[in-house]
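# Geometric and topological summary
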Amino acid sequence: MLLIEAAVEALAAARAAAEGGAQRLELCAQLAVGGITPDVQMQRACRSQLALPIYVLIRPRAGDFVYSPGEHCTMLQQIADAKATGVHGIVTGALTEANEIAEDKTSELIAAARPLPVTFHRAIELCVDTSKALETLIRLGADRILASGTGRVGQLVRESRGRIAILAGGGITAGNVGQLVRETGVREIHFSVRDAAKVRAIIANAKD
């Protein structure tokens, strides 16, 4: 069974994703720049009007994933605010200037999110050693990794050996989803959504 996660930045898009058959939502703002934390009002609106599990992106700004102490404190507060709205999961993460997992910061973010599950976002694609990053995230207790690219996703699926969920994202369309699933064995996919038709088309082609 393939799980469909829809990245959305508005309540209308969230409703469309649910109508199309998505099984989980990732709430973001400013998807054009890779997404940042959505405002609390949107989180509350989606939580009150939709029955799907809702994960919230915690990212204080666009750009890199190397955060100052002040930005890290902002992220911890954003996690607390998101949890207070009743959402079901957190999407976040941090890197060092050497493009490795920032273990202390990421560990604190995961701890702040508990008992909610945590997805480490596509910052992993910037890591100099994907295998090392994978093992670090498993050790830190992350529940899921979002990554793109057939080769990278396939590598993560193989090396994870079921110890952490792998969520495939990045440019997924009805035209390429079937091949991605067949070649990597990934069981969760993620893509941005504005209308229900896109969700239906991807679900249909993923089954082929």
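Heads up: the structure comes first, above all this text.
Summary of the structure given here. (Residues numbered from 1 in each chain as written. Predicted model: local features only at pLDDT ≥ 70, side-chain atom pairs only at ≥ 80, totals over all residues. Heavy atoms only, no water.)

## Considering the overall build of the chain
For clarity, the cut-off: Counting from the N terminus, the helices are DSSP H or I runs at least four residues long and the strands are E runs at least two residues long. C-alpha atoms define the radius of gyration, and 2.2 Å times the number of residues to the power 0.38 defines the globule rule. Relative accessibility under 20% of the residue-type maximum defines a buried residue, over 50% an exposed one, and the middle range a partly exposed one, all with a 1.4 Å probe and only protein chains included. Residues count as neighbours in contact if any of their non-hydrogen atoms are within 4.5 Å of one another. Accessible surface area values rest on a Shrake-Rupley calculation with a 1.4 Å probe, where residue burial reflects the displayed protein chains alone. When charges are counted, Lys and Arg contribute as positive and Asp and Glu as negative, whereas His and the chain ends are disregarded. By convention, the point assigned to a charge is CZ for Arg, NZ for Lys, CD for Glu and CG for Asp.
Per the secondary structure count, the chain includes eight helices and eight strands. In terms of overall size, the chain behaves like a compact globule, its C-alpha atoms giving a radius of gyration of 16 Å where 208 residues would be expected to give roughly 17 Å. Along the three orthogonal principal directions, the C-alpha set of the chain runs to about 45 × 40 × 30 Å. With 208 residues in all, the chain has 48% of them scored as buried. Across the chain, every contact between residues at least 6 apart in sequence was considered, and the portion connecting residues at least 24 apart equals 61%. For the chain, the exposed surface amounts to about 8,900 Å²; the carbon and sulfur share of it is 51%. Charge centroids of the chain, computed over 23 positive and 22 negative side chains, lie 5 Å from each other.

## Overview of the nonpolar core
The test is simple: Working definition of a nonpolar core: buried Ala, Val, Leu, Ile, Met, Phe, Trp, Tyr and Cys residues. They are joined through side-chain atoms within 4.5 Å.
Counting 61 residues, the largest nonpolar core has I124 and I189 as the members making the most contacts within it. If we skip the residues at most four places from it in the chain, I189 touches L2, L3, I4, E5, L167, A168, I172, V177, L180 and I202.

## Some words on the packing of helix α4 (residues 103-113) against helix α5 (residues 130-140)
The condition is simple: To obtain an axis, a line is fitted to C-alpha atoms, over the contacting stretch when the element is a helix, and the angle between two such axes runs from 0 to 180 degrees between their N-to-C directions. When an angle is under 35 degrees it counts as roughly parallel; over 145 it counts as roughly antiparallel; between 65 and 115 it counts as roughly perpendicular; any other value is oblique. Note on convention: near helix rotated counterclockwise from far helix by under a right angle means a left-handed crossing. Clockwise means right-handed. Under the scheme applied, nonpolar residues are Ala, Val, Leu, Ile, Met, Phe, Trp, Tyr, Cys and Pro; charged residues are Asp, Glu, Lys and Arg; polar residues are all the others, including Gly.
Where α4 contacts α5, the axes come no closer than 10 Å and their chain directions differ by 40 degrees. If you check the angle between α4 and α5, you find them oblique. Where α4 crosses over α5, the handedness of that crossing is right-handed. Contacts from E103, T106, S107 and I110 of α4 reach α5 at T136, L137, R139 and L140. Class assignment of the residues belonging to the contact of α4 with α5 gives a composition of three nonpolar, three polar and two charged.

## Brief notes about the pairing of strand β1 (residues 3-8)
Defined as follows: Criterion used throughout: strands pair if DSSP finds at least two bridges between them. Looking down the strands as they point away from you, a crossover is right-handed if its path from the first strand over the helix to the second goes clockwise.
In terms of burial, β1 is largely enclosed, as five of its six residues are buried. Two elements, β1 and strand β8 (residues 188-192), share five bridges in a ladder whose sense is parallel. By the bridge assignment, L3 is partnered in β8 with E188. Pairing analysis gives four bridges linking β1 to strand β2 (residues 24-27), with the strands arranged parallel. Bridged to E5 within β2 is R24. Between β1 and its parallel partner β2, the chain crosses via helix α1 (residues 11-20), and the hand of that crossover is right-handed.

## Points about the packing of aromatic side chains
Put simply, the test is: Stacked, edge-to-face and tilted labels apply to pairs of Phe, Tyr and Trp rings (six-membered ring for Trp) whose centres lie within 6.5 Å, assigned for plane angles under 30 degrees, over 60, and everything in between, in that order. Two thresholds decide whether a charge sits over a ring: the Lys NZ or Arg CZ must be within 6 Å of the ring centre and within 35 degrees of the ring normal.
Enumeration over the complete set of coordinates arrives at zero aromatic pairs. The lysine or arginine in question, R24, covers the ring of Y55, its NZ or CZ lying 4.9 Å from the ring centre.

## Here's the deal with helix α8 (residues 196-206)
The test is simple: To obtain the arc, one takes the directions from the helix axis to the C-beta atoms. Pairs of N or O atoms are called polar contacts if they sit within 3.5 Å, as long as, within protein, a hydrogen donor faces a hydrogen acceptor (for residues adjacent in sequence, only side-chain-to-side-chain pairs).
Every buried residue of α8 is listed here: A196, V199, I202, I203 and A206. Axial view of α8: buried residues confined to an arc of 135 degrees, hence all on one face. Where α8 begins, the side chain of D195 points an oxygen toward the backbone nitrogen of A197, at a separation of 3.2 Å.

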